[in-house]
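An overview of the molecular structure
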Amino acid sequence: MLVLVAPGQGAQTPGFLTPWLELPGAADRVAAWSDAIGLDLAHYGTKADADEIRDTAVAQPLLVAAGLLAASELGSRTAFGAVAGHSVGEITAAAYAGVLSDADALSFVRTRGLAMAEAAAVTETGMAAVLGGDRDVVVAHLEKLGLTPANINGAGQIVAAGTKEQVEALVAEKPEGAMKVVALQVAGAFHTHHMAPAVATLDEAAKALAPADPELKYVSNKDGLVVTSGADVVARLVGQVANPVRWDLCMETFADLGVTGLVELSPGGTLTGLAKRALKGVPNVALKTPDDLEKATALIAEHSA
């Protein structure tokens, strides 16, 4: 069974959208999306620097747009048995699964990005990745410092979130057994109580959506469970901004479902890196540029034979 995954915030790099806009019809699609949500996606994906695309209100719609462009090049969704996204990537996954239209997905993520940016502006916060160490030991150390294990990613990676001072304390005092702590280039303590104000905004925005039930297995960040109701998917998208991402449980579900191959949408690399360590022996393809589509198509053909 093939699984399609979509990366979250932090995966973006300056100019990463440039080669995707060269595909037939891509520039026109992105221009229409840009007009609809009031954000020049082409500019930010091709000309903006790292600081500009670090802005939550920019990064989130940009990532979803890039994922949708890449997904449209993969052909029928029936090639995949399951889909999941990491954090904001869950919106990309919801669109691919048929829960949301592309237009609704981009409108919703635009609201999400703006709301989370506003929440992040209240207090100076940040995130840092803890690499290595026993999970329970790491989590206990984070809690001692007042930090939240915002992303439990599996494969020996936990991302902590909290105030700037708390993150700095973690960098200065890594957990016992951890190899290193890396401060992340994100503009807020996502998936923590600091994002609670954004939940109310998204709850209101969700009332305008008309979600359909997923057309393939949709694996949720909340608990790694397969969600079969479109309304439940949207409710989880709303609540997830203030709750931890359990990507470790998502990967456990992939294994339980019998994953035999994995494709990561653009800008790929982060989730395939985790899969290489947690789903050993499962072939994967990260879509970084359109040049990677040939490898993804070959993997799909192999599993469809």
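The structure under discussion appears in the preceding block.
Remember, it's a predicted structure, so these values are computed and weren't measured experimentally.

What follows is about the overall build of the protein. A count of helical and extended segments in the protein gives 13 helices and ten strands. In terms of overall dimensions, the protein has a C-alpha envelope of 50 × 45 × 35 Å along the principal axes. Put simply, the protein has 305 residues, and 55% of those count as buried. Across the protein, every contact between residues at least 6 apart in sequence was considered, and the portion connecting residues at least 24 apart equals 73%. For the protein, the computed accessible surface area is about 12200 Å², with 52% contributed by carbon and sulfur atoms. Across the protein, the centroid of the 21 positively charged side chains sits 5 Å from that of the 35 negatively charged ones.

Ordered in space as β4-β5-β3-β6, the four strands form an open sheet in which the pairing is antiparallel. The open sheet has two free edges, formed respectively by β4 (148–154) and β6 (180–183), since each of these has just one partner strand. With direction set aside, neighbouring strand axes in the sheet form an average angle of 25 degrees. Here strand β3 (residues 125–131) pairs with strand β5 (residues 157–163) via seven bridges, running antiparallel.

Further remarks concern the packing of aromatic side chains. Aromatic ring pairs are reported here in terms of the distance separating the ring centres and the angle at which the planes meet. This model, assessed by the stated rule, comprises two aromatic pairs. Plain terms: the ring middles of F80 and Y96 are 6.0 Å apart, the flat faces sit at 85 degrees to each other, and that makes the pair edge-to-face. Separated by 16 residues along the polypeptide, F80 in the loop between α4 (56–72) and β2 (82–85) and Y96 in helix α5 (residues 89–96) bring together distant segments of the chain. Judged by relative accessible area, which is 7%, Y96 ranks as buried. Over the ring of Y96 we find R77, and its NZ or CZ is 5.9 Å from the ring centre.

The rules we used
- Residues numbered from 1 in each chain as written.
- Predicted model: local features only at pLDDT ≥ 70, side-chain atom pairs only at ≥ 80, totals over all residues.
- Heavy atoms only, no water.
- Helix = DSSP H or I, 4+ residues; strand = E, 2+ residues; numbered from the N terminus.
- Buried < 20%, exposed > 50% of the residue type's maximum accessible area, 1.4 Å probe, protein only.
- Contact = heavy atoms within 4.5 Å.
- Areas by Shrake-Rupley, 256 points an atom, 1.4 Å probe, with all protein chains shown as cover.
- Lys, Arg positive; Asp, Glu negative; His and termini not counted.
- Charge placed at Lys NZ, Arg CZ, Asp CG, Glu CD.
- Pairing = 2+ DSSP bridges.
- Axes fitted to C-alpha atoms, helices over the stretch in contact; angles between N-to-C directions.
- Phe/Tyr/Trp six-rings, centres within 6.5 Å; stacked < 30°, edge-to-face > 60°.
- Lys NZ or Arg CZ within 6 Å of the ring centre and 35° of its normal.

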